[in-house]
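# Summary of the model geometry
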Amino acid sequence: MAELPGAQADFGRPAPLPQTGWERLSELWRRDEQQQFPEETVNIAKSAFTAGVVGWLYGGLPAFVSARKAFIESSHGEIFQNRADAVQSAHRAGLRSFIRYGWRWSWRVAAFATVFNVVSTGLSAYRDKTTISNFAAAGAFTGALFRMHLGLQGLVGGIVFGTAFGVPAGGLLMAMYGLAGETLQEKRSRERRELYEQRLAEWQSRLSMTEILGQTESNAQGRPEMERARELKSY
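The model shown is predicted, which means the values in this text are computed figures rather than measured ones. (Residues numbered from 1 in each chain as written. Predicted model: local features only at pLDDT ≥ 70, side-chain atom pairs only at ≥ 80, totals over all residues. Heavy atoms only, no water.)

## Concerning the packing of helix 4 (residues 132–147) against helix 5 (residues 151–180)
- In contact at an axis separation of 6 Å, helix 4 and helix 5 are set at 150° when each is read in the N-to-C sense. For helix 4 against helix 5, the interelement crossing comes out right-handed. (Axes fitted to C-alpha atoms, helices over the stretch in contact; angles between N-to-C directions. Helix = DSSP H or I, 4+ residues; strand = E, 2+ residues; numbered from the N terminus. Left-handed = near helix turned anticlockwise from the far one by under 90°.)

This is the structure:
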């Protein structure tokens with residue numbers, strides 16, 4: 001049975017490039033054929049981990065030094081078995097403070113960095129461009145989110161602080177993108193377009209081959225019928 005022309009024209013055709021902001025946003029959380037997340041999403045996770053480590057060190061190290069010093073000053077009247085026992089006791093006191101205060105700072109800094117990067121990356125994907133205003137808006141939103149429990153004054157202060165943080169952070173990232181020659185969004189758009197064009201060319205090649213094979217098969221089936229018709233006419 002002959003197939004209708006164009007019945008399978010779109011079968012296997014590569015999906016078109018995302019055209020709307022919501023489509024580009026959804027791609028950020030979708031795995032590719034290699035089961036890998038986009039580079040922007042991976043960078044969000046990496047920055048969250050890095051921020052957590054930096055926050056832990058920022059809060060933990062001063063707390064360790066302070067707790068160790070306070071223990072030494074307050075333990076002059078205590079009796080230790082030897083010098084090593086005294087040093088270990090001071091270190092244990094410092095370690096407890098390192099863990100306690102390091103964790104307090106770690107999750108806060110990691111949460112701030114994660115929200116900031118999610119918002120800025122989402123804005124860049126939605127608008128299909130990376131600008132300073134994306135980072136400023138992300139900073140304002142993140143600052144407001146973390147200070148909104150303090151009321152209107154805290155909300156305004158959070159917006160000001162977040163914007164003051166987002167603008168220089170965005171400027172630094174834009175400078176790095178300038179050295180690289182393109183932003184992550186531009187790189188992703190270029191790679192997506194190149195991959196789509198490659199897949200489209202492969203699909204068109206397969207489609208042309210299918211049409212040629214179908215035409216060849218149709219001609220092969222029609223030839224015996226023509227020969228049979230000639231034989232009938234000869235009689």
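After that view, the rundown keeps rolling.
## A few points about a nonpolar patch on the surface
- Nonpolar side chains collect at one region of the surface, where F49, V53, L57 and L61 lie side by side and expose about 390 Å² of accessible area between them.
- Topologically, L61 is positioned in helix 2 (residues 39–74). (Patch = residues over 30% accessible without salt bridge, like charges linked within 9 Å, V, L, I, M, F, W, Y side chains within 5 Å. Areas by Shrake-Rupley, 256 points an atom, 1.4 Å probe, with all protein chains shown as cover. Salt bridge = Lys/Arg side-chain N within 4 Å of Asp/Glu carboxyl O.)

## Quick look at the layout of surface pockets
- Computed from the structure, the largest pocket encloses a volume of approximately 940 Å³.
- As for the largest pocket, its lining consists of 30 residues, and the residues nearest its centre are S47, A113, F116, N117 and F165.
- For the lining of the largest pocket, the secondary structure elements donating two or more residues are helix 2, helix 3 (83–127), helix 4, helix 5 and helix 6 (184–234).
- Residue contributions to the lining of the largest pocket peak at 11 residues, all from helix 3.
- By residue class, the composition of the lining of the largest pocket is 19 nonpolar, 9 polar and 2 charged. (1 Å grid on protein atoms, 1.4 Å probe; cavity = no way out; pocket = protein on both sides within 12 Å on 5 of 7 lines; lining within 4 Å. Points joined across faces, edges and corners; volume = space filled by probe spheres on them. Nonpolar A, V, L, I, M, F, W, Y, C, P; charged D, E, K, R; others polar.)

## As for the packing of aromatic side chains
- Under the counting rule described, the total for this entry stands at 8 aromatic pairs.
- Centroid distance Y58 to W105: 4.8 Å. Interplanar angle 75°. Geometry classified as edge-to-face. Here Y58, found in helix 2, pairs with W105, found in helix 3; they are 47 residues apart in sequence, far enough to count as distant.
- Exposure remark for W105: the relative accessible area of 41% places this residue in the partly exposed category.
- Taken together, F112, F116, F135, F146, F161 and F165 form an aromatic cluster joined through their ring pairs. (Phe/Tyr/Trp six-rings, centres within 6.5 Å; stacked < 30°, edge-to-face > 60°. Buried < 20%, exposed > 50% of the residue type's maximum accessible area, 1.4 Å probe, protein only.)

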